[in-house]
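# Summary of the model geometry
What follows is the residue order along each chain.
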Amino acid sequence: MAAPAPAPARPGPPELGPAPPDRAARPSVTCSPGTAPAPARAISADPAAGKPGDPDCGALRPHLRRMPTSEKALGQARSSSPGMTPNTCCCSRGAVQRRLPILAWLPSYSVQWLKMDVIAGLSVGLTVIPQALAYAEVAGLPPQYGLYSAFMGCFVYFFLGTSRDVTLGPTAIMSLLVSFYTFHEPAYAVLLAFLSGCIQLVMGFLRLGFLLDFISCPVIKGFTSAATVTIGFGQIKNLLGLQNIPRQFFLQVYHTFLSLGETRVGDAVLGLVCMVLLLVLKLMRDHVPPLHPETPPGVRLSHGLVWVATTARNALVVSFSALMAYSFEVTGCQPFVLTGETAEGLPPVRTPPFSVTTANGTISFTRMVQRLRITTAWTPTRSCWPSVRLQGPGRAPCVPLSCAECRDGRIFRTKRQGHGGPSLKERAPGLTNVLGSFVSSYPVTGSFGRTAVNAQSGVCTPAGGLVTGALVLLSLNYLTSQFYYIPKAALAAVIIMAVAPLFDAKIFRTLWRVKRLDLLPLCVTFLLCFWEVQYGILAGALLSVLMLLHAVARPHTQVSEGPVIVLQPASGLHFPAVEALREAILSRALEASPPRCVVLECTHVCSVDYTVVLGLGELLRDFHRRGVRMVFAGLQVPVLRALLSADLKGFQYFSTVEEAEKYLRQEPGTQPYNVSKDSVLEHKVALLED
């Protein structure tokens, strides 16, 4: 998205040294076949470089974790020089900076950064205020609760933020989830924020963020697309001024079409005009050419005014609508449905409601949690998306995040997200939800739209969030009385235009071309989410896991027929695949007439488990009884070590398939690495002790 910023490019923090060396100069770790015994030992890398698969990969880690030049100060401590193992002491400077990312960039903070952060903070603030009011309506809560939820994330992310661009606050999809389970009761929404934040913190400390990797992108796409349709259609009633429309989706569709005759002309016209204005301003922002250094001051000023108007388009449109509604109110004729009274002042600081008093008595904490049992498990997971789309193009979530939702989120995570580790990225939104519950916030997560505004505004550090949070607090303290005149049709237009980009119609065509089977979890999730969101997500995730397990249990095996059969598993061998591999070998080799020898080519097999070893031992015995042989070729070191440890009778292995075939054809000059001979006993002991 090409959206120019009025200010110059962001200067990069200087303290993390030069950019990573060129790819050609970096050391590499490859999964060598390691077939011949002696050369295979060369796969062991120098200890300083770490072992393949280690989370701390020695000299490689600084390069893999280093961010682009303009982002180096966020989320990463000073890397050790190439060839040296990073300091792993928990009290080292780097470790402290990883746990408290503000220490990585605050010492180098400059006046230029302050200027850029203030501009970005104001831009995001003018975006989040009207959105927060609108999202509170989606959540089924009074308008002020949207603002209560909009400032705590700004302050928490100032200290724990691993990306300069990401913003935490209320979002359309999270508001939709809150509306499903809080019964339009603010007390349940606030308690939900506290409980989901606690779960997120536990997930962060236990490093359980990897569990989110099992929710595939088609599932996320199906969910976000269904949520977009649900949220967008849910605002049609406000856009047309309809009353008494139920919130359940299918009933909502039915009653909306049934009540079209009751449409209020004023609301319909205002809503459509607001949508057109928002669309035009967005297109203007996307197509304004960048400034050049030689641009005259007058042109530069006009460019800045256009940029401000297009970036703050939500606030501009809502203010225009409120002014129009106030004008009609003065004349005594009001054609719009207004937002109404909004509680004035800052939210009180108090503990979350662990019980609720109603006309029928007191609802205990246990009873409240029972009514929220489904939501407390799902909401923190959604909050960690990124994460799903906000974490941008790098590794793992929490503000994706959110996932265009999965794809766009990974873009932000990769290009802009700091590398504070999945646990830290879960702690930031988790702590935001816990602390936010003390100021009457409902659950929040990362906002992709406001993150994009933040990035386009030229933000340099998470300090821009302080300006955004302060602006929200000022609006709560001084402007809430003016929110009375905001038409609901204008807020509906803001919501519809905010969620419309989340619906990715191209995903169906893309998956049809790439892998048609992925359409199954996408469509199942999409359809079931209109019934119950959690059922749609669970069904889609279950289908994705089943597809993954099927690939593990039935790996593709290439077979070369001939006097000697060569079987090459295309992926690793794990215990669910043992029976399938056994049947494939028996049907082609031992059940044939006459029985034929087999070469099991294991170049692509990186590991085996105990069940696989037992299955291979049974196959060797079956071949021995029938008077033919099964030998191995292309064994990697971990696989060879496991098979040697099992002392399988009749186990023979070769460096290449050609050598194995020559031996089985009784051609002279080729001998296996026979583990029973003393000549290789020393090598066997070395492998087992390695």
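Residues numbered from 1 in each chain as written. Predicted model: local features only at pLDDT ≥ 70, side-chain atom pairs only at ≥ 80, totals over all residues. Heavy atoms only, no water.

## Overview of the overall build of the protein chain
- Within the protein chain, the secondary structure is distributed over 30 helices and nine strands.
- Among the 690 residues that make up the protein chain, the fraction classed as buried is 53%.
- As displayed, the protein chain offers around 31,000 Å² of accessible surface, 63% of which is attributable to carbon and sulfur atoms. (Helix = DSSP H or I, 4+ residues; strand = E, 2+ residues; numbered from the N terminus. Buried < 20%, exposed > 50% of the residue type's maximum accessible area, 1.4 Å probe, protein only. Areas by Shrake-Rupley, 256 points an atom, 1.4 Å probe, with all protein chains shown as cover.)

## Observations regarding the packing of helix α5 (residues 111–138) against helix α21 (residues 464–478)
- Packing of α5 against α21 brings their axes to within 7 Å, and their N-to-C directions diverge by 40°. In terms of their interaxial angle, α5 and α21 are classed as oblique. The element α5 and its partner α21 pack so that their crossing is right-handed. Counting all contacts with α5, which are made through Asp117, Val118, Gly121, Leu122, Val124, Gly125, Leu126, Val128 and Ile129, the residues of α21 involved are Gly464, Val467, Thr468, Leu471, Val472 and Ser475.
- The residue makeup of the contact of α5 with α21, split by class, is nine nonpolar, five polar and one charged. (Axes fitted to C-alpha atoms, helices over the stretch in contact; angles between N-to-C directions. Parallel < 35°, antiparallel > 145°, perpendicular 65-115°, else oblique. Left-handed = near helix turned anticlockwise from the far one by under 90°. Contact = heavy atoms within 4.5 Å. Nonpolar A, V, L, I, M, F, W, Y, C, P; charged D, E, K, R; others polar.)

## Describing a nonpolar patch on the surface
- On the surface, Val265, Val269, Val273, Leu277 and Phe320 cluster together into a nonpolar patch covering about 420 Å² of accessible area.
- Looking at the nonpolar patch, the element that brings in the most residues is helix α13 (residues 265–287), giving four residues.
- In this fold, Phe320 is placed in helix α15 (residues 313–331). (Patch = residues over 30% accessible without salt bridge, like charges linked within 9 Å, V, L, I, M, F, W, Y side chains within 5 Å. Salt bridge = Lys/Arg side-chain N within 4 Å of Asp/Glu carboxyl O.)

## Concerning the pairing of strand β7 (residues 597–601)
- Taken across its five residues, β7 has five buried, putting it largely inside the fold.
- Here β7 shows no split at all, with Cys597, Val599 and Glu601 on one side and Val598 and Leu600 on the other all buried.
- In this structure, strand β6 (residues 564–569) lies alongside β7, joined through four bridges in parallel fashion. Along β7, the bridge assignment pairs Leu567 with Leu600.
- This β-α-β element, β6 to helix α26 (residues 578–590) to β7, shows right-handed connectivity.
- Across four bridges, β7 lies against strand β8 (residues 630–633) in parallel orientation. Among the inter-strand pairings, Val599 is bridged to a residue of β8, identified as Val631.
- Handedness of the crossover joining β7 and β8 through helix α27 (residues 610–625): right-handed. (Pairing = 2+ DSSP bridges. Right-handed = clockwise from strand over helix to strand, strands pointing away.)

## Focus on the pairing of strand β5 (residues 557–560)
- With four bridges connecting them, β5 and β6 associate as antiparallel partners. Residue pairing in the sheet places Ser560 in a bridge with Val566 of β6.

## Brief notes about the pattern of salt bridges
- Scanning the model with the defined rule gives ten salt bridges in all.
- Across the pair Asp286 and Lys282 runs a salt bridge whose closest N-O atoms are separated by 3.2 Å. With Asp286 and Lys282 both in helix α13, this residue pair falls four residues apart, about one helical turn.
- The salt bridge partner of Asp622 is Arg582, with a shortest N-O separation of 2.8 Å.

## Here's the deal with the side chain of Gln131
- Within the element layout of this structure, Gln131 appears in helix α5.
- By relative accessible area, Gln131 is classed as buried at 8%.
- Side-chain polar atoms of Gln131 contact the side chain of Arg450, separated by 2.8 Å. (Polar contact = N/O pair within 3.5 Å; in protein donor to acceptor, adjacent residues only side chain to side chain.)

## A look at the side chain of Thr295
- In this structure, Thr295 sits in the loop between α13 and α14 (297–311).
- Among the polar contacts made by the side chain of Thr295, one reaches the main-chain carbonyl oxygen of His292 at a distance of 2.7 Å.

## What to know about the packing of α13 against helix α22 (residues 488–499)
- It is the contact of α13 with α22, at a shortest axis distance of 8 Å, that shows an interaxial angle of 40°. Classified by the interaxial angle, the pair formed by α13 and α22 is oblique. The hand of the α13/α22 crossing is right-handed. Residues Asp267, Gly271, Cys274, Met275, Leu278 and Leu279 of α13 form the contact with α22, whose own contacting residues are Ala489, Ala490, Ala493, Val494, Ile496 and Met497.
- Broken down by class, the residue content of the contact of α13 with α22 amounts to ten nonpolar, one polar and one charged.

## Considering the nonpolar core
- Within the largest apolar cluster, 83 residues are counted, with the highest numbers of intra-cluster contacts made by Leu147 and Ile231.
- If you tally residues by element for this core, the top one is helix α9 (residues 186–205), at nine residues.
- Sequence-distant contacts of Leu147, defined by excluding residues within four places in its chain, comprise Ile129, Ala132, Leu133, Val472, Ser475, Leu476 and Phe483.
- By size, the runner-up hydrophobic cluster in this structure holds 43 residues, among which are Cys597, Val608, Val639 and Leu648. (Core = buried A, V, L, I, M, F, W, Y, C linked by side-chain atoms within 4.5 Å.)

## A short note on the packing of aromatic side chains
- Within the structure shown, the criterion is met by 24 aromatic pairs.
- Ring geometry for Phe194 against Phe354: centres 5.5 Å apart, planes inclined by 85°, an arrangement best described as edge-to-face. You can see Phe194 sitting in helix α9 and its partner Phe354 sitting in the loop between α15 and β2 (356–358), a full 160 residues away along the chain.
- For Phe194, a relative accessible area of 17% gives the class buried. (Phe/Tyr/Trp six-rings, centres within 6.5 Å; stacked < 30°, edge-to-face > 60°.)

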